[in-house]
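# Descriptive analysis of the structure
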Amino acid sequence: MKIDILTIFPRMFKGPFSESLISRASRKKILKVDTVDIRSFSRDKHRKVDDRPFGGGVGMVIKPEPLYCAMRSVGVRKRNNSYKKNNIYRKPYVVYMSPQGKTLDNEIVKNLAKFGHLVVICGHYEGIDERIMNYVDEEISIGDYVLTGGEIPAMVLTDAVVRMLPGVVKERGSIKNDSFYDGLLDYPHYTRPAVFKGHRVPTVLLSGNHKKIDEWCTKEAYKRTKERRPDLLRK
Ligand code: SAM
């Protein structure tokens, strides 16, 4: 999979993308993730990419031209309106990180992991010029709060999508047990020692009886979900 992240702060991605899962996926050539600096497409001698909003009001808006040129540079042409119908998963699928989008969940993540090429736009200031939406396939939010920019949301999205790619997480089965994969929360986990400050690991986990352990895990996953997220069971 290829992911291009369009941002005015490409350096923010250096640390998070050079460690752990994303770096491993890149080394294994499962993933190619690049940041594209929107400023390098500015015609302004000071590399300015924002301007005052039409109609007045506070704040600045990211201008359409440099962002559009950045999108073109990674192969974006027009919106993939019919991407499902025509199975055009190989075309770049454009996501704008925005508090006004659909809230990111595991279903969205699984769907995004099917694309060969994602282009992720990070906004800043008051956001991006609305006319760029003509080239955006999906707006995605990471929750009902407002962050300064789309960089951290883009990192969240990238991490969640990359985990789904075959070969990235060593034990693929562990993804299927993770919270939300099948609509349940994960069961509780324990490791050595068997007794910690007087707190014991549930006896069944030490029994070596895999059938019983599986039953316990399923029961605990349901119990947790019912207690903490009954809305998931209703779904
Ligand atoms: N004026 C915008 C509004 O109220 O909807 C908020 C703009 S915000 C300060 C700047 C940028 O941060 C947005 O363009 C978006 O890319 C990103 N952003 C902020 N909160 C976000 C969230 N919850 N999810 C995804 N992106 C977010």
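Worth saying up front: this structure is predicted, and the values here are computed from it rather than measured. Here, residues in each chain are numbered from 1, in the same order as that chain's written sequence. Owing to the predicted nature of the model, reporting of local features is limited to residues with pLDDT of at least 70; listing and counting of side-chain atom pairs is limited to 80 or more, with chain, interface and lining totals taken over all residues. Think of the side-chain values as coming from all heavy atoms in the structure, minus any hydrogens and water.

## A word on the environment of Glu126
Secondary structure elements follow DSSP: runs of H or I of four or more residues count as helices, runs of E of two or more count as strands, with numbering from the N terminus. Along the polypeptide, Glu126 turns up in the loop between strand S6 (117-122) and strand S7 (138-141). When the C-alpha positions of Glu126 and Pro153 are compared, they lie 16 Å apart, and in sequence the two are 27 residues distant. Residue contacts are defined here by distance: any two heavy atoms, one from each residue, within 4.5 Å place the two residues in contact. Here Glu126 is in contact with Val58, Gly59, Met60 and Val61, once residues within four sequence places are set aside.

## Considering the domain arrangement of the protein chain
Domain start and end points were adopted from an automatic or database domain assignment. Segmentation of the protein chain into domains returns domain 1 (2-163) and domain 2 (177-234). Placing the centre of domain 1 and that of domain 2 at their C-alpha centroids yields a distance of 36 Å.

## Thoughts on the packing of aromatic side chains
Any two rings among Phe, Tyr and Trp, with Trp reduced to its six-membered ring, count as a pair given centres within 6.5 Å; such a pair is stacked if its planes are under 30 degrees apart, edge-to-face if over 60, and tilted if neither. Per the counting criterion, the structure on display carries three aromatic pairs. Here the aromatic rings of Tyr68 and Tyr135 are separated by 5.1 Å at their centres, their planes lie at 55 degrees, and the arrangement is tilted. Highlighted residues: Tyr68 in helix H3 (residues 64-73) and Tyr135 in the loop between S6 and S7, separated in sequence by 67 residues. Using a relative accessible area of 28% as the deciding quantity, one classes Tyr68 as partly exposed. Buried means the residue's accessible area, taken with a 1.4 Å probe over protein chains only, is under 20% of the maximum for its type, while exposed means over 50%, and partly exposed covers the values in between. With relative accessibility at 25%, the residue Tyr135 sits in the partly exposed group. Seen from their ring centres, Tyr93 and Phe115 are 4.1 Å apart, and the 15 degrees between their planes marks the pair as stacked. One end of the pair, Tyr93, is in strand S5 (residues 93-103); the other, Phe115, is in the loop between helix H4 (106-112) and S6, and 22 residues separate them in sequence. Take Phe115: its relative accessible area is 2%, and that puts it in the buried class.

## Some words on the pairing of S5
A pair of strands is labelled paired if DSSP reports no fewer than 2 bridges between them. As paired strands, S5 and S6 are joined by five bridges and run parallel to one another. Bridging across to S6, Val95 finds its partner in Val120. Regarding the hand of the β-α-β motif, the stretch spanning S5, H4 and S6 is right-handed. Relative to S7, S5 runs parallel, the two being bridged by five bridges. We call a crossover right-handed when, viewed with the strands running away from us, the connection from the first strand over the helix to the second turns clockwise.

## A look at the packing of helix H2 (residues 20-27) against helix H5 (residues 151-163)
Inter-axis angles, ranging from 0 to 180 degrees, are taken between N-to-C directions of lines fitted to C-alpha atoms, where helices are fitted over the stretch in contact. Where H2 contacts H5, the axes come no closer than 10 Å and their chain directions differ by 55 degrees. Taken as axis vectors, H2 and H5 run oblique relative to one another. Where H2 crosses over H5, the handedness of that crossing is left-handed. Listed contacts from H5 to Leu21, Ile22 and Ala25 of H2 are Thr158, Asp159, Val162 and Arg163. Amino acid classes used here: Ala, Val, Leu, Ile, Met, Phe, Trp, Tyr, Cys and Pro are nonpolar; Asp, Glu, Lys and Arg are charged; the rest, including Gly, are polar. Here the residues of the contact of H2 with H5 are counted per class, giving four nonpolar, one polar and two charged. Orientation is classified from the angle alone, with under 35 degrees giving roughly parallel, over 145 giving roughly antiparallel, 65 to 115 giving roughly perpendicular, and any other angle giving oblique. Should the near helix be turned counterclockwise from the far one by less than a right angle, the crossing is left-handed, whereas a clockwise turn marks it as right-handed.

## Concerning the site of the ligand
With respect to spatial proximity, 21 residues lie near the ligand, and among them Tyr96, Met97, Gln100, Gly123 and Tyr145 are the closest. Contact between the ligand and Gln100: an oxygen atom at 2.8 Å from a side-chain N or O atom of the residue. Each polar contact in these results corresponds to two N or O atoms within 3.5 Å; when the atoms are within protein, one needs to be able to donate a hydrogen and the other to accept it, and residues that are neighboring in sequence are counted only if both atoms are side-chain atoms. One of the backbone N or O atoms of Gly143 is found 3.1 Å from a nitrogen atom in the ligand. Reported accessibility uses the Shrake-Rupley method at a 1.4 Å probe radius. Residues are deemed covered only where the shown protein chains occlude them. About the coverage of the ligand: the protein hides 85% of its 590 Å² of free accessible area. Taken together, the elements giving at least two residues each to the shell around the ligand come down to S5 and S7. Tallying contributions element by element places S5 first for the shell around the ligand, with five residues. When its residues are assigned to classes, the shell around the ligand shows 10 nonpolar, 10 polar and one charged. When we say a residue is near a molecule or strand, we mean one of its heavy atoms is within 4 Å of it.

## Some thoughts on the environment of Asp50
Inspection of the secondary structure puts Asp50 in strand S3 (residues 50-51). Along the sequence, Asp50 and Arg11 sit 39 residues apart, while their C-alpha atoms lie 19 Å from each other. Those residues in contact with Asp50, other than ones at most four positions away along the chain, are Met60, Val61, Ile62, Lys63 and Tyr125.

## Details of the sheet that holds S6
Note on sheets: strands pair through backbone hydrogen bonds, and any given pair is parallel or antiparallel. The sheet built from five strands is open, its strands ordered S2-S1-S6-S5-S7 with parallel pairing. If you trace the sheet from one side to the other, it starts and ends with strand S2 (32-37) and S7, each paired once. Taken pair by pair, the neighbouring strands of this sheet meet at an average axis angle of 30 degrees, ignoring direction. Contacting strand S1 (2-7), S2, S5 and S6, H3 runs over the sheet at an angle of about 165 degrees to S1.

## Focus: the nonpolar core
Here, the term nonpolar core denotes a set of buried Ala, Val, Leu, Ile, Met, Phe, Trp, Tyr and Cys residues that are joined through side-chain atoms within 4.5 Å. Counting residues in hydrophobic clusters, the biggest one holds 35 residues, and the most contacted among them are Ile3, Ile5 and Leu112. It is H5 that provides the largest number of residues to this core, a total of five residues. Setting aside its immediate chain neighbours within four residues, Ile3 contacts Leu31, Lys32, Val33, Asp34, Leu118, Val120, Thr158 and Val162. Residues Val49, Ile62, Tyr96 and Met133 belong to the second largest nonpolar core, which totals 19 residues.

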